[in-house]
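The lines below spell out each chain.
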Amino acid sequence: MSLQTKRIRELFGYARTLTKEQGVGVMATRAAGFFKRRFFGKRARYLPAKKTLEAQRTEAAQQAASWPTISILTPLYNTPLGFLQQFLDSVQGQTAPNWQLVLVDASDEAHGEVGQMVQERAAQDARIVYQKIENKGIAANTNAAAALATGEYLALADHDDMLAPHAIYWMSKTLADSKADFVYSDEALFEKTPQRPRVGHFKPDYAPEYLMAVNYICHLAVFRRELFEAVGGERPACDGAQDHDLFLRLIDEMQRRDPQDKPLHLPQVLYYWRVHAASTSGGTGAKPYVEAAARKAVADHLAAIGRQGKVEPGKFPGTCHVVWELPEPQPLVSILIPNKDHTDDLEKCLHSLYAKTTYENFEVLVIENNSTDPATEEYYRRLPQRYDRARVVRYKGGFNFSRINNFGRKYASGSYLLLLNNDIEVINGDWLTQMVGECSQPGVGICGAMLYYPDDTIQHAGIITGLGGYAGHSHKYHKRGGSGYMFRLATVQDFSAVTAACLLVRTAVFDQVHGLDETLTVAYNDVDFCLRVRDAGWRIVWTPYAELYHHESKSRGSDEKDPAKKARFDTEHDRLYEVHGRENILHDPYYNPSLSLDYEDFRESGDLRHLK
């Protein structure tokens, strides 16, 4: 079956489910939005209607006195006048008036027209502040702008970009309501005009592991001026990644004061990032020093918070990978592998595990589940002699994935449990080292891995709740080796859930939430388990540096073809809603409401209704 055919079948399946559960009207609305976007263009697709912008102006005129002033810091350097004019127009055209624009000009003598244009605007608008400065680099120049700012909050904007017309409105309204210390928005890339955006960057809510791997926050970021001053502003030593460095240090300071404080994500496209040859929006190849500066920023962040790891270049330019120091002594990992017959699969799994895994301190518990083939017993008899630290424990009862793993945990001695399907095959030797390193970090309770189908397309790269109405796999069917959406296939990051086909969990955390829910016999038990772990205050991370093949569905058949299995599947996804709430399932904090719930490839929603 082709990839396109698979996706079409999944889309129609979701359409049937949506119609059944929410009615024809909801389905028709979603379909109309999809076809409108697909066939009638994408002009100004991230902007509200004009009447909405006018309504914002009216509200802001009445409320702005109680809203904070946001000082926008923008260093200038030989800025092309066309770019500068568009930038100034975008700020002065804001639907809310409570802004200050601080422009510090380090342009050389040949570009005196830059200062002339700004001074003409400043003479007409007192909210624009201009000062000519000596060029000391982007961080020092930004600090010079901050010294002139009078707003309670600061924002960073580049001289060749543009603000969305409702940027200050949404930011100031959100800050007034939430009293947040730090808010960031979504953004879009453009070449000539925001009316024709190239692509949107729709971000997750605050994701600390993802932020260490890549500066996904970028624009528009707004934070308290007092916080900026407390950390000493931007650091010239990190020029090129000065904003990434600043964000990490701002968050460190926030959490030093209150460990529960974190940046607030505002899922609106409030910033337009211009793509041209000298801009990092087109890739860090335009500014190679950015990568070294980013690694320094992350290394200094780790030193500041006392975490031990070596920062290395990531899989793609502009990304980092932290290789964590493992706890000493090396913790024991108990690997739980449920099995019923299928000794060929089990042998492939165990052979790859023992032949390739460089992590040494593990034990294997094969959980026998009602095998009927006599050859299986013979395989089990020889297992302890062939594989050191491997043994069989015998579960009695009907198939129940949750109960089988809970049973296996009783025999496990490790401080970590690895739930592993018998149809998994190890690819890279340090896969378990990487997973233990991630799972041993403060606040992390679970780590998942990158799983491929045998044809080298992706089976699992993290689970997103709400996809297809319940849950789906990030980047499913994507070709191996890609960076994914905003590097989300190539970086360690936070997710709401990962698959139990290969899931590492602290044993204490497994026990804390009382293991897997045994009412979920086959489907969604891993999603439910991860959500309960998340609700208990632990984070779930996923790493692309643990790579394995998953020969999916060899251990049991498809749930779609058997009526009894289909009925059980329906009961189990109903259970997911019952326990966690439909709205909670449909709004994954590590996904974005402007991304599609119909596909697993991070495409934009068909109607972008959240932005309108």
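This structure is a prediction, so every number in the text was calculated from the model and none was measured.

Rules used in this analysis
Residues numbered from 1 in each chain as written. Predicted model: local features only at pLDDT ≥ 70, side-chain atom pairs only at ≥ 80, totals over all residues. Heavy atoms only, no water. Helix = DSSP H or I, 4+ residues; strand = E, 2+ residues; numbered from the N terminus. Buried < 20%, exposed > 50% of the residue type's maximum accessible area, 1.4 Å probe, protein only. Contact = heavy atoms within 4.5 Å. Areas by Shrake-Rupley, 256 points an atom, 1.4 Å probe, with all protein chains shown as cover. Lys, Arg positive; Asp, Glu negative; His and termini not counted. Charge placed at Lys NZ, Arg CZ, Asp CG, Glu CD. Core = buried A, V, L, I, M, F, W, Y, C linked by side-chain atoms within 4.5 Å. Axes fitted to C-alpha atoms, helices over the stretch in contact; angles between N-to-C directions. Parallel < 35°, antiparallel > 145°, perpendicular 65-115°, else oblique. Left-handed = near helix turned anticlockwise from the far one by under 90°. Pairing = 2+ DSSP bridges. Right-handed = clockwise from strand over helix to strand, strands pointing away. Polar contact = N/O pair within 3.5 Å; in protein donor to acceptor, adjacent residues only side chain to side chain. Expected span 1.5 Å × (residues − 1). Arc of directions from axis to C-beta. Salt bridge = Lys/Arg side-chain N within 4 Å of Asp/Glu carboxyl O. pLDDT = per-residue confidence, 0-100. Phe/Tyr/Trp six-rings, centres within 6.5 Å; stacked < 30°, edge-to-face > 60°.

*Asks:* In this structure, what is going on with the overall build of the chain? I would like to understand it.
*Replies:* Broken down by element type, the chain carries 19 helices and 23 strands. When its C-alpha atoms are laid out on the principal axes, the chain stretches across 90 × 55 × 40 Å. Relative to its full complement of 612 residues, the chain shows a buried share of 58%. Partitioning the intrachain contacts of the chain with sequence separation of at least 6 by distance along the chain shows that 78% fall at a separation of at least 24. For the chain, the accessible area works out to roughly 25,000 Å², and carbon and sulfur atoms hold 52% of it. Across the chain, the mean location of the 71 positive side-chain charges is 4 Å away from that of the 78 negative side-chain charges.

*Asks:* Mind showing me how you'd approach the nonpolar core here?
*Replies:* General note: in soluble globular proteins, nonpolar side chains tend to be found buried as a group. Counting 104 residues, the largest nonpolar core has Phe-182, Tyr-216, Phe-223, Tyr-272, Ile-446, Leu-503 and Phe-529 as its most contacted members. The element contributing the most residues to this core is helix α10 (residues 242-257), with six residues. Ignoring any residue separated from it by four or fewer positions in sequence, one finds Leu-503 in contact with Leu-417, Leu-418, Leu-419, Ile-446, Cys-447, Val-498, Phe-529 and Cys-530. Membership of the second largest hydrophobic core comes to 38 residues, among which are Ile-70, Ile-72, Leu-84 and Leu-103.

*Asks:* How should the packing of helix α12 (residues 343-356) against helix α13 (residues 374-386) be read in this particular structure?
*Replies:* For any two helices packed against each other, the geometry comes down to the angle between their axes and how far apart the axes lie. Interaxial distance between α12 and α13 falls to 11 Å at its minimum, and their mutual angle equals 15°. Accordingly, the angle class assigned to the pair α12 and α13 is roughly parallel. At the point where α12 passes α13, the crossing takes the right-handed sense. Contacts from Thr-343, Leu-346, Glu-347 and Leu-350 in α12 reach Thr-376, Tyr-379, Tyr-380, Leu-383 and Arg-386 in α13.

*Asks:* Looking at this structure, how should I read the pairing of strand β12 (residues 333-339)?
*Replies:* Taken residue by residue, a regular strand's side chains alternate between the two faces of the sheet. Among the seven residues that make up β12, seven are buried, leaving the element largely enclosed by the rest of the structure. By the alternation rule, side chains of β12 split into Val-333, Ile-335, Ile-337 and Asn-339 and Ser-334, Leu-336 and Pro-338, which are all buried. As paired elements, β12 and strand β13 (residues 362-369) share seven bridges and run parallel to each other. Each bridged residue has a counterpart across the sheet, and for Ser-334 the counterpart in β13 is Glu-363. On the question of chirality, the crossover connecting β12 to the parallel β13 by way of α12 is right-handed. Both β12 and strand β15 (residues 416-420) contribute to a ladder of four bridges, which runs parallel. Note on β15: the bridge partner recorded for Val-333 is Tyr-416.

*Asks:* Got a minute to help me understand the packing of α10 against helix α11 (residues 289-305) in this structure?
*Replies:* Taken N-terminus to C-terminus, the directions of α10 and α11 make an angle of 15°; their axes are 9 Å apart at the nearest point. Considering their axes alone, α10 and α11 lie roughly parallel with respect to each other. Crossing geometry of α10 relative to α11 is assigned as right-handed. Side by side, α10 and α11 meet where His-244, Asp-245, Leu-248 and Asp-252 of the first sit next to Ala-294, Ala-297, Val-298, His-301, Ala-304 and Ile-305 of the second.

*Asks:* How do you make sense of the environment of His-580 when you look at a structure like this?
*Replies:* Secondary-structure assignment places His-580 in helix α18 (residues 563-580). The exposure class assigned to His-580 is buried, which follows from its relative accessible area of 10%. In this structure the C-alpha to C-alpha distance between His-580 and Glu-113, which are 467 residues apart in sequence, comes to 59 Å. Apart from the residues within four sequence positions on either side, His-580 is in contact with Asp-528, Leu-531, Arg-532, Asp-535 and Ile-585. Looking at His-580, its side chain comes within polar contact range of the side chain of Asp-528, at 2.8 Å.

*Asks:* Whenever I open this one, α18 confuses me. Can you help?
*Replies:* Residues separated by three or four positions in an α-helix point in the same direction, a consequence of the helix having 3.6 residues per turn. Taking 1.5 Å per residue, 18 residues should reach 26 Å; α18 reaches 26 Å between its end C-alpha atoms and fits that length. Inspection of α18 places Asp-570, Glu-572, His-573, Leu-576, Tyr-577 and His-580 among the buried residues, and these make up the whole buried set. The arc that holds the buried residues of α18, viewed along the axis, is 165°, so those residues lie on one side. For α18, exposure combined with an orientation more than 90 degrees from the buried face picks out Pro-563, Ala-564, Thr-571 and Glu-578.

*Asks:* Explain the pairing of strand β22 (residues 502-506) to me, please; I cannot follow it from the model alone.
*Replies:* With five of five residues buried, β22 is to be regarded as a mostly interior element. Here β22 shows no split at all, with Cys-502, Leu-504 and Arg-506 on one side and Leu-503 and Val-505 on the other all buried. Direction of pairing for β15 relative to β22: antiparallel, over a ladder of five bridges. Across the sheet, the residue bridging to Leu-420 is Cys-502, located in β22.

*Asks:* Explain the pattern of salt bridges here, please?
*Replies:* Between side chains of opposite charge, pairing is possible as soon as their charged atoms come close. Applying the stated criterion to the full structure yields 35 salt bridges. Where Arg-235 meets Asp-245, a salt bridge forms, and the shortest distance between an N and an O atom there is 2.9 Å. In this pair, Arg-235 is assigned in the loop between α9 (225-230) and α10 and Asp-245 in helix α10, connecting sequence segments 10 residues apart. Residue Asp-245 is classed as buried on the basis of its relative accessible area of 1%. Shared partners join several salt bridges into a network, and the residues in it are Arg-235, Asp-245, Arg-249, Lys-296 and Asp-300.

*Asks:* How should I be thinking about the confidence of the model for the chain in this particular structure?
*Replies:* Detailed reading of the predicted coordinates is not advisable wherever pLDDT is low. Overall, the predicted model of the chain reaches an average pLDDT of 91, with 90% of residues at or above 70. Note that residues 37-41 has pLDDT below 50 and, in this model, six contacts with residues that lie over four places away or in other chains.

*Asks:* I tried to follow the packing of aromatic side chains on my own but got confused; where do I start?
*Replies:* One pass over the full model with this rule turns up 22 aromatic pairs. Judged by centre distance (6.4 Å) and plane angle (80°), the rings of Phe-190 and Tyr-272 are edge-to-face. Within this pair, whereas Phe-190 is found in strand β6 (residues 182-190), its partner Tyr-272 is found in strand β9 (residues 264-274), the two being separated by 82 residues in sequence. Each member of the pair, Phe-190 as well as Tyr-272, is classed as buried. Taking the centre distance of 5.3 Å and the plane angle of 65° together, the rings of Tyr-354 and Phe-362 count as edge-to-face. Among the aromatic residues, those joined into a ring-pair cluster are Phe-182, Phe-223, Phe-228 and Phe-247.

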